Amino acid sequence: ASGCPPFIGIEINERPNCKNINKLVEEWIVKNQPDEIILAARWSRYNWKSLNETLSLLRKQGIKKIIVFGPTPVWSGVLTDILLKNALLNGTSIPDRERLHLISDNGVDEEIRKISQEHGAEFVSIRRILCNPDGCITYLNTKHGPVPTAWDTAHLSSQASDYLIMHSRIFK
């Protein structure tokens with residue numbers, strides 16, 4: 001559910017329904033025993049160490065394949081606004097990559113990777129796929145023209161999501 005991290009038994013004041021929603025998901029997992037589960041969240045907004053309990057529960061349920069996606073690049077404003085403002089003010093074209101307006105993840109990507117690996121889960125670093133020392137990819141060229149990689153400060157566009165899945169190689 002929107003704004004609900006995949007944490008078992010956690011209450012979030014701003015999202016009072018998350019605990020019940022996650023309980024329903026947990027019950028569904030126990031009943032249906034899926035082979036594979038994918039987890040993702042805006043980890044930096046929550047006590048991401050709670051991921052340990054979720055991964056432990058999934059392992060106890062016998063889930064064969066668990067994939068955890070790390071944090072997406074988070075921009076200091078809506079990406080399209082940042083790009084347009086920079087292009088208009090500087091009289092330049094839209095850059096392929098941008099780093100000045102990125103918010104640091106303060107090592108969350110690495111910490112989520114460690115927790116994931118401790119539980120035998122596959123970890124996908126979104127930042128390693130979309131970013132390098134020059135910054136993060138700002139747009140993708142499509143048959144309909146350039147499309148931004150994010151439609152707000154942190155949510156990937158459909159095209160960027162497709163790009164991520166193709167480059168993550170999770171569906172080998």
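Shown above is the structure to which this text applies.
The sections below set out a description of the structure shown in this document. Everything quoted here is computed from the prediction, not taken from an experiment.

Let us now look at the overall build of the protein. Secondary structure assignment for the protein yields six helices and 10 strands. Dimensions along the principal axes, computed over C-alpha positions, put the protein at roughly 55 × 40 × 30 Å. Looking at the protein as a whole, 42% of its 172 residues qualify as buried. Surface accessibility of the protein: about 10200 Å² in total, with carbon and sulfur atoms responsible for 52%. With 21 positive and 19 negative side-chain charges, the protein shows a separation of 2 Å between the mean positions of the two kinds.

Take the side chain of Arg113 next. Along the chain, the position of Arg113 falls in helix α4 (residues 108–118). There is a polar contact of 2.2 Å between the side chain of Arg113 and the side chain of Glu110. A distance of 2.3 Å separates polar atoms of two side chains, one belonging to Arg113 and the other to Gln117. Not counting residues within four places of it along the chain, the set of residues in contact with Arg113 comprises Phe123 and Arg128.

Pairing is antiparallel in the open sheet, where three strands are placed in the order β4-β8-β7. The open sheet has two edge strands with one neighbour each: β4 (97–98) and β7 (131–132). Bridge count between β4 and strand β8 (residues 135–137): two bridges; the pairing is antiparallel. When the bridges of β8 are listed, Arg97 appears paired with Ile137.

Time to look at the sheet that holds strand β1 (residues 36–39). Think of a sheet as strands paired side by side through backbone hydrogen bonds, with each pair either parallel or antiparallel. Pairing in this open sheet of three strands is parallel, and the strands run β1-β2-β6 from one edge to the other. With partners counted over all chains shown, the strands left at the sheet margins are β1 and β6 (122–124), one partner each. Each strand axis lies, on average, 20° off the axis of its neighbour in the sheet, ignoring direction. With three bridges joining them, strand β2 (residues 65–69) and β6 adopt parallel strand pairing. Paired with Phe69 across the strands is Val124, a residue of β6. Packed onto the sheet, α4 meets β2 and β6 and runs at close to 165° relative to β6.

Tallied over the entire structure, the rule returns two aromatic pairs. For the pair Phe7 and Trp43, a centre-to-centre distance of 6.0 Å together with 40° between the ring planes defines the contact as tilted. Separated by 36 residues along the polypeptide, Phe7 in the segment before α1 (18–32) and Trp43 in the loop between β1 and α2 (51–60) bring together distant segments of the chain. Neither residue differs from the other here; Phe7 and Trp43 are each classed as buried. Ring plane angle 85° and centroid distance 6.3 Å describe the contact between Phe7 and Tyr46, whose orientation is recorded as edge-to-face. Taken together, the positions of Phe7 in the segment before α1 and Tyr46 in the loop between β1 and α2 put the pair 39 residues apart, joining distant regions of the chain.

The next subject is the state of the cysteines. Taken as a whole, this structure holds two disulfides when the rule is applied. The residue that forms a disulfide with Cys4 is Cys18, at a sulfur-sulfur distance of 2.0 Å. Taking the sign of the S-S torsion, about -90° here, the bridge from Cys4 to Cys18 comes out left-handed. Of this pair, Cys4 sits in the segment before α1 while Cys18 sits in helix α1, and the two are 14 residues apart along the sequence.

The rules behind each value
- Residues numbered from 1 in each chain as written.
- Predicted model: local features only at pLDDT ≥ 70, side-chain atom pairs only at ≥ 80, totals over all residues.
- Heavy atoms only, no water.
- Helix = DSSP H or I, 4+ residues; strand = E, 2+ residues; numbered from the N terminus.
- Buried < 20%, exposed > 50% of the residue type's maximum accessible area, 1.4 Å probe, protein only.
- Areas by Shrake-Rupley, 256 points an atom, 1.4 Å probe, with all protein chains shown as cover.
- Lys, Arg positive; Asp, Glu negative; His and termini not counted.
- Charge placed at Lys NZ, Arg CZ, Asp CG, Glu CD.
- Polar contact = N/O pair within 3.5 Å; in protein donor to acceptor, adjacent residues only side chain to side chain.
- Contact = heavy atoms within 4.5 Å.
- Pairing = 2+ DSSP bridges.
- Axes fitted to C-alpha atoms, helices over the stretch in contact; angles between N-to-C directions.
- Phe/Tyr/Trp six-rings, centres within 6.5 Å; stacked < 30°, edge-to-face > 60°.
- Disulfide = S-S within 2.5 Å.

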